[in-house]
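# Results of the structural survey
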Amino acid sequence: MEIESMVANSALIKAREGGGSRGRSYKWREMLRFAHISQCVDQAMSIEREYYSLCVKQPIGKKLFQLFCRSRPDLQNYISLLDALDAFEMKSDEERKDFGLSIIQRFLMSQSIQCVSVVQRHEQSCIHSLEFDPCMDVFHRCTEDLHSYLSGEPFMHYQQSMFFDRFVQWKILERLPITKQTFRQYRLLGKGGFGEVWACQVRATGMMYACKKLDKTHVKKRKGEAMALNEKQILEGLDSRFVVSLAYAYETKHALCMVLTMMSGGDLRFHIHNIGQPGLDKTRVRFYAAEVCCGLMHLHSKSIVYRDMKPENILLDDNGHIRISDLGLAVRLSEGTLVRGRVGTAGYMAPEVIGHKHYGMSVDWWGLGCLVYEMTAGKPPLRARGEHPKASEMERRIQNQQLEFGEKFGKAVKNLCSSLLNKDPKERLGCGGPGGAEVQTHRFFRKINFRMLEAGLVQPPFKPDPRLVYCSDVQDIEEFSTVKGVILGQTDSEFYSKFNTGSVPISWQNEVIETGCFKELNVFGPEGSRSSDLDW
Ligand code: ADP
Ligand code: MG
Ligand code: MG
């Protein structure tokens, strides 16, 4: 390895280790200083007063609403019950029954001093469903009734409390303009069609991210505006642990930037082909396939077809969980419609895409079939290792040739692959009424507990080495140059301003909480005075 690469790698490894409090700028408190309360009026007006968004979905909003409830004696039990219900979701299957019963005894039974009256009537039905199957959504109705109560009078008074003022102060910080100066930049991680992906770190919080930069001249020359905006807008509407999250979208003089979840474990192509024998062991194949399946189901639940499934686009984080990335080809279907369009990567396209048919989610289940096949065989379907047939030849094979399974395929995985790689989308696994749920019940996944997997409670079978950088050496990633002779004008600026929306609220709030900044800064002065009133 060249010295340049070693230096770049060790800087990145050091930043990763120090991620969080040690990675913060020494000026971080100044960067995250609350505005004076008198400056909050305008912002407060611009906040949409919707209970679910303000008090449930937004992580900081949720915390402040809870603090408000805690400050009111009559709401203590409501909030303790909400906490208990959150904790219930983090329990393993074995613990659920006992824990669930303890919740019922404490909060639902009329003789308990902590009884919460608005949910009392669910006592019997909760006991029944807990006995029938503790892994069901036992407290679904309780949660609904709790929120419906809290969204009334308590939500109204919350908005007049100092806790809401504080929320507005956080919102002001969240909405500060984002520029190049917001981040420290580390090494180049990879290269894409329109530019480069760099490791970066937020100066104020120490959080590590990957910044995908789209070069403006390249985007313009290749008419990539719609595609870039599409990728950004789809990403900002998602919230899944199995798909990369967008944290910021901003622009510099030369580039449009999407700041994404940092995935330091490399992509699956690297793990399948560049470490030891080609292919992965069965436990890893099953685990990655199951997580990808959950990611696809999240996308499909939002009517999004992904269309670019391949090992290169599935990335590992430092714990060994995967996320689907690169949503440049994803498309949102309006209700009940299908799309047509030959997009994807040659070799991974479904027969109905190649055949110019209208299609929907079916192409992603084909893609999952290709992925499982390649992880198992150590080579993609219908291709020999190292063989690169012309696109037209690949298309002929995908439409007409039968698959072959080598001796690496056990019975279950072979059955899964041939069901997913069924050339007829109507017959394909995952494409019937239940959608992805049908894939999850395939016997290849019988050892996977999807409820726990969705909650992030399953330990990955492989953890990337924190001392390694799982990508090509910097000097081996081709330089990206700007295109000459492209002039950027007024219409371009209009498009840039649609792209340049700054922080994505849920991601930003998670960042502030995860890095410990929230805890350190969200103090209230004596007798409820806002600490920013005191000049420290
Ligand atoms: P393109 O749409 O141009 O193909 P990608 O989104 O696939 O761009 O990114 C290009 C490369 O950058 C990827 O192959 C990967 O090596 C790296 N990369 C992309 N996103 C991340 C991320 N979130 N974390 C780490 N590396 C990433
Ligand atoms: Mg890509
Ligand atoms: Mg792309």
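Notes on the structure follow. (Residues numbered from 1 in each chain as written. Chains lettered and ligands numbered in written order. Predicted model: local features only at pLDDT ≥ 70, side-chain atom pairs only at ≥ 80, totals over all residues.)

Another point: the overall build of the protein. Counting secondary structure elements, the protein contains 24 helices and 10 strands. Taking 536 residues into account, the globule formula puts the C-alpha radius of gyration at 24 Å, and the protein, at 25 Å, falls close to it. Taking the principal axes of the C-alpha coordinates as reference, the protein spans close to 75 × 60 × 45 Å. Taking all 536 residues of the protein together, 37% fall into the buried category. (Helix = DSSP H or I, 4+ residues; strand = E, 2+ residues; numbered from the N terminus. Rg over C-alpha atoms; globule rule 2.2 N^0.38 Å. Buried ≥ 20, exposed ≤ 12 C-beta atoms within 10 Å, placed from the backbone.)

Let's shift gears to the site of ligand 1. Neighbouring ligand 1 are 20 residues; Gly-190, Gly-192, Val-197, Ala-210 and Met-263 lie closest to it. Only β1 (183-191), β3 (208-215) and β5 (255-261) provide two or more residues apiece to the shell around ligand 1. Classifying every residue of the shell around ligand 1 by side-chain character gives 10 nonpolar, six polar and four charged. (Near = placed C-beta within 6 Å. Nonpolar A, V, L, I, M, F, W, Y, C, P; charged D, E, K, R; others polar.)

With antiparallel pairing, the six strands of this open sheet are ordered in space as β1-β2-β3-β5-β4-β10. Each having just a single partner strand, β1 and β10 (502-503) make up the two edges of the open sheet. (Pairing = 2+ DSSP bridges.)

Of all seven residues in strand β2 (residues 196-202), five are buried; the element is thus mostly enclosed. Pairing of β1 with β2, which is carried by six bridges, proceeds in the antiparallel orientation. The partner of Phe-183 across the bridge, within β2, is Val-202. The antiparallel hairpin formed by β1 and β2 contains four residues in its connecting segment. Here β2 runs beside β3; their pairing, made up of five bridges, is antiparallel. Bridge assignment links Trp-198 to a residue of β3, and that residue is Cys-211.

A few words now on the environment of Val-7. Within the fold, Val-7 resides in helix α1 (residues 3-18). For the pair Val-7 and Met-162, spaced 155 residues apart in sequence, the C-alpha to C-alpha distance is 48 Å.

Turning our eyes to something else, we now look at helix α17 (residues 362-377). The terminal C-alpha atoms of α17, which comprises 16 residues, lie 23 Å apart, in line with the 22 Å expected from a rise of 1.5 Å per residue. Buried residues dominate α17, accounting for 16 of its 16 residues. (Expected span 1.5 Å × (residues − 1).)

Quick look at helix α19 (residues 411-420) now. Taken together, the buried positions of α19 are occupied by Val-413, Leu-416, Cys-417 and Leu-420. Viewed end-on, α19 has its buried residues packed into an arc of 95°, placing them on one side of the element. Of the surrounding elements, those touching the buried residues of α19 are α15 (282-301) and α17. (Arc of directions from axis to C-beta. Contact = placed C-beta atoms within 7 Å.)

This part covers the packing of helix α5 (residues 59-70) against helix α6 (residues 76-89). At their nearest, the axes of α5 and α6 sit 8 Å apart, and the two run at 140° to each other. Classed by the angle they form, the pair α5 and α6 counts as oblique. Both α5 and α6 take part in a crossing whose hand is left-handed. Along its contact with α5, which presents Gln-66, Cys-69 and Arg-70, the element α6 presents Gln-76, Tyr-78 and Ile-79. Its residues assigned to classes, the contact of α5 with α6 comprises three nonpolar, two polar and one charged. (Axes fitted to C-alpha atoms, helices over the stretch in contact; angles between N-to-C directions. Parallel < 35°, antiparallel > 145°, perpendicular 65-115°, else oblique. Left-handed = near helix turned anticlockwise from the far one by under 90°.)

The next subject is unusual backbone geometry. Its identity is not glycine, yet Arg-307 carries a phi of approximately 70°, on the positive side. Looking at where Arg-307 falls in the secondary structure, it is placed in the loop between β6 (304-305) and β7 (314-316). Arg-307 sits in the buried class, given 24 other C-beta atoms within 10 Å.

Below, the discussion takes up the nonpolar core. One finds Tyr-209, Val-292, Leu-368 and Val-372 to be the most contacted residues of the largest nonpolar core, which totals 136 residues. Broken down by element, the residue count for this core peaks at 11 residues, all from α15. Look past the residues within four positions of Val-292 in its chain and what remains in contact with it is Ile-314, Ile-322, Ile-324, Leu-368 and Leu-371. (Core = buried A, V, L, I, M, F, W, Y, C linked by C-beta atoms within 7 Å.)

Right, let's get into the pairing of β3. Most of β3 sits out of view: eight of its eight residues are buried. Linking two consecutive strands that pair antiparallel, namely β2 and β3, is a turn of five residues; a positive phi of about 90° is found at Gly-206 within it. Both β3 and β5 contribute to a ladder of seven bridges, which runs antiparallel. Paired with Cys-211 across the bridge in β5 is Val-259.

In this section: the packing of helix α13 (residues 225-236) against helix α22 (residues 490-499). Relative orientation of the contacting elements α13 and α22 amounts to 15°, with a least axis distance of 10 Å. Classified by the angle between their axes, α13 and α22 sit roughly parallel to one another. Considering how the two elements wind past one another, α13 and α22 form a crossing that is left-handed. Counting all contacts with α13, which are made through Glu-225, Ala-228, Leu-229 and Lys-232, the residues of α22 involved are Phe-495, Lys-498 and Phe-499. Of the residues contributing to the contact of α13 with α22, the split by class is four nonpolar, no polar and three charged.

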